[in-house]
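Survey of secondary and tertiary structure
Letter by letter, the chains look like this.
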Amino acid sequence: EMEELPRITVSQREQFLVENDVFGIYGYFDASDISTQKYMMEIQRDKQLDYLMKGLRQLGPQFSSLDSNRPWLCYWILQSIALLGESVDDELENNAIDFIGRCQGSDGGYGGGPGQLPHLATTYAAVNALVTLGGDKALSSINREKMSCFLRRMKDTSGGFRMHDMGEMDVRACYTAISVASILNIMDDELTRSLGDYILSCQTYEGGIGGEPGSEAHGGYTYCGLATMFLINEVDRLNLDSLMNWAVHRQGVEMGFQGRTNKLVDGCYTFWQAAPCVLLQRFYSAHDLVHHGSSHISQGTDEDHEDHVHDEDYPEDSDDDDSDEDSDEGSVNGHGVHHTSTYINRRIQPVFDSLGLQRYVLLCSKIPDGGFRDKPRKPRDFYHTCYCLSGLSVAQHAWSKDEDTPPLTRDILGSYSNLLEPVHLLHNVVMDRYNEAMEYFFKAP
Amino acid sequence: MDTDETLPLSQRSEWSDVVPLTQDDGPNPVVPIAYKDEFRETMDYFRAIYSSDERSPRALRLTEETLRLNSGNYTVWHFRRLVLEALNHDLYQELEFIESIAEDNSKNYQLWHHRRWVAEKLGPDVAGRELEFTRRVLSLDAKHYHAWSHRQWALRALGGWEDELDYCHELLEADVFNNSAWNQRYYVITRSPSSGGVEAMRESEVSYTIKAILTNPANESSWLYLKALYKDNKELWISDPSVSSVCLNVLSRTDCFHGFALSTLLDLLCEGLSPTNEHIDSVRALATEEPDTNLANLVCTILGRVDPIRANYWAWRKSKITVAAM
């Protein structure tokens, strides 16, 4: 009698196919000569910028399905350009500010295109795009008073927010509203009332957060829920242990992240899942100093976390303009990079495998001709380009306890020239632009 | 009256009184889309009736044409709802309309929100139909996020809980790795008005879950669900012999992944479980490292080796072990 073969489920079959593709690429890489490996590891900045600039200037008819998402297209592209340390020329900048301005509703908020109903997601995208462009013209174009009215109109009695007039309510709507309110300095008690309760009710038994109460834990909503709780200062109300546990378990054998338990890896989760890991680890770290300081030392296990830094770890070419850094902090070598004393206690070992994650992004998601994709066999698109790059930045900066500690050469997979700009984890805009927006919107009258 | 929908709108006499409104993109827009003529024209006519707020039968037909070109246009869906209300249109027909749009692309927030709006208006009479609709979508993609949200909403708002646990079982029989189905099980036992809650269901659910774990010890979904059954009763979790024994059972096997059994044991220890000799021997048998007198520490060390992707996480967990686990 023939031995009965174990039945393979849909989940197992799909996972098997993806693993084949991914390990095929890794195997090819490992067997290649050094120069091929170097090439494969390169971000290919020129090609990336080419793809991005072309998209900003013209999109084909197949983009009609994104006709109600044009501020998103602006943000995905502009954010990607900013992460690469580049910016657009004045003409394009003015065109972008003008166009986004035409998406602004007369009663506040931004719609998916000129004349479209204001929507929280496109509002978030528009504001982030303008913050990324930076400068007075971009920032002054946002009508903050009307925006306040719009956000209040979207607020629901349950504590959550609706995406648009009579629209759907979920954790994403909460995040987009609060992120905008926070950056524009228009947060108030009315917006935050019962919001923490709503998000708390979306944390599932798995530890992650779902879109609505009862829905399955999901990477995108987990980021949205966690970031919102940070922004309204109610993070400690969540079950952080189970959230951390769920998030780190979303990294699979492919080394990229999946969005949900037993689902497939996808490059965009590089951001949605890695950001919560870093946020949580830094939060624990900041609070440990207060509560568990002594048990740390007696355990002697801090050694496992502390990242020991040696001379050869410093990047050879530092692009850092350290001119604004405090020169009292330790000695400065010829390249303007600060020595050991700056790094002790300002570095941690990331709880997720950051180099492995970078490997997935660079070898499996990155398209050498420009753009990034979900996984092998999928086409590139601007959404994945934005979140793969944003996630890559998060991974590269994951060893830093704070944004003033630059990465070391060994933190960056590939050459140090792969280094991307750091982002503000709660908003996903490049740190420098966020700081500029803070200056602008929070300055004393 | 010329209502031939294969003709461009500008050539249909029905629309001859309407002046189409072009998109205010400005002189040099960024991310401009090279719309096909049909798309551009349809949108121009929609803008016109949207701007004049015309809530007529022809407006309704126009929203349908527009949505078939771009089902992601939430402004059109929103306006369609206003027109449906103004016309007091047959909402059962609307359910069919939504189904026809879903055929092309069911991964669209707007479509599902619209469905929810319609179903809510129709009330409990459509409970069965909504369960049937989501079942059909789930038969094509058993983890479809919007379908599951809608199904949960339908159960909550319209009812029909009776067969839900059986439905979950059906899905898990087909694919025990379907985390959405496990999530739905939890939803049913905690929210169903006829369920006695987790307390009443715990014994049968634990038995169900343990069976699933033993068949596939590498299935994370079942381990997470097991822990969930004791979410509000940690004392019972650490004292229930079934929980301990499933861990020990898996740890004693040589042919499977031990990670989830070990991490469950770690969580139990951190929660205050007093390890028995069986626990200690079981863990020591897996250790290739120096046996740590602190069992939780040793479990973390082993996990760092058998679950190397999370090596840093297990080291971090080790540093967090509180005095309770010593």
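Rules of the game
Residues numbered from 1 in each chain as written. Chains lettered and ligands numbered in written order. Predicted model: local features only at pLDDT ≥ 70, side-chain atom pairs only at ≥ 80, totals over all residues. Heavy atoms only, no water. Axes fitted to C-alpha atoms, helices over the stretch in contact; angles between N-to-C directions. Helix = DSSP H or I, 4+ residues; strand = E, 2+ residues; numbered from the N terminus. Parallel < 35°, antiparallel > 145°, perpendicular 65-115°, else oblique. Left-handed = near helix turned anticlockwise from the far one by under 90°. Contact = heavy atoms within 4.5 Å. Nonpolar A, V, L, I, M, F, W, Y, C, P; charged D, E, K, R; others polar. pLDDT = per-residue confidence, 0-100. Salt bridge = Lys/Arg side-chain N within 4 Å of Asp/Glu carboxyl O. Buried < 20%, exposed > 50% of the residue type's maximum accessible area, 1.4 Å probe, protein only. Core = buried A, V, L, I, M, F, W, Y, C linked by side-chain atoms within 4.5 Å. Buried area = accessible area lost by both parts, 1.4 Å probe. Polar contact = N/O pair within 3.5 Å; in protein donor to acceptor, adjacent residues only side chain to side chain. Disulfide = S-S within 2.5 Å.

**A few points about the packing of helix α1 (residues 37–51) of chain B against helix α2 (residues 57–69) of chain B**
Residues and elements named next belong to chain B.
- Where α1 contacts α2, the axes come no closer than 10 Å and their chain directions differ by 140°. Judged by the angle between their axes, α1 and α2 are oblique. Pair α1 / α2 crosses with left-handed handedness. The residues of α2 that touch α1, namely those facing Glu-38, Phe-39, Thr-42, Met-43, Tyr-45, Phe-46 and Ile-49, are Ala-59, Leu-62, Thr-63, Glu-65, Thr-66 and Leu-69.
- In terms of residue class, the contact of α1 with α2 is built from eight nonpolar, three polar and two charged.

**Concerning the confidence of the model for chain B**
- Residues with a pLDDT of 70 or more make up 97% of chain B, whose mean pLDDT is 95.
- Two numbers describe this predicted complex: its pTM, 0.93, and its ipTM, 0.97.

**Looking at the pattern of salt bridges**
Residues and elements named next belong to chain B.
- Applying the stated criterion across every chain, the model contains 41 salt bridges over all chains.
- The partner of Arg-115 in a salt bridge is Glu-130, and the shortest N-O contact between them spans 2.7 Å. Placement of Arg-115 in helix α5 (residues 109–122) and of Glu-130 in helix α6 (residues 127–140) is noted, with a sequence separation of 15 residues between them. A single burial state applies to Arg-115 and to Glu-130, both of which are buried.

**Describing the nonpolar core**
All names here are of chain A.
- Formed by 239 residues in total, the largest nonpolar core has its most connected members in Met-147, Leu-151 and Phe-161.
- Broken down by element, this core gets its largest block of residues, 11 residues, from helix α14 (residues 269–291).
- Discounting chain neighbours no more than four positions away, the residues touching Leu-151 are Leu-120, Phe-161, Ala-177, Val-180, Ala-181, Ile-186 and Leu-191.

**Details of the interface of chain A and chain B**
- Across the contact, 80 residues belong to chain A and 68 residues belong to chain B.
- With both sides pooled, the region where chain A packs onto chain B buries about 6,500 Å², and carbon together with sulfur makes up 51% of that total.
- Counting across the interface, chain A meets chain B through four salt bridges.
- Note that Arg-102 of chain A is salt-bridged to Asp-24 of chain B, the shortest N-O span being 2.7 Å.
- The interface formed by chain A and chain B includes 42 residue pairs in polar contact (both at pLDDT 80 or more).
- Of the residues forming the side of chain A that touches chain B, the biggest block, six residues, is contributed by helix α5 (residues 90–102) of chain A.
- Of the residues that constitute the side of chain A that touches chain B, the class distribution is 26 nonpolar, 35 polar and 19 charged.

**Some details on the state of the cysteines**
- Overall, the coordinates contain zero disulfides over all chains when judged by the stated rule.
- For Cys-74 of chain A, which is in no disulfide, the shortest distance to another cysteine sulfur is to Cys-103 of chain A and amounts to 7.1 Å.
- No disulfide involves Cys-256 of chain B; its sulfur sits 12 Å from that of Cys-247 of chain B, the nearest cysteine.

**Considerations on the environment of Ala-228 of chain B**
- Note on placement: Ala-228 of chain B falls in helix α11 (residues 220–228).
- Residue classification places Ala-228 of chain B among the buried residues on the basis of a relative accessible area of 3%.
- Distance in space between the C-alpha atoms of Ala-228 of chain B and Gly-304 of chain B is 24 Å, their sequence separation being 76 residues.
- Ignoring anything within four residues of it in the chain, the contact list for Ala-228 of chain B reads Tyr-205 of chain A together with Tyr-186 of chain B.

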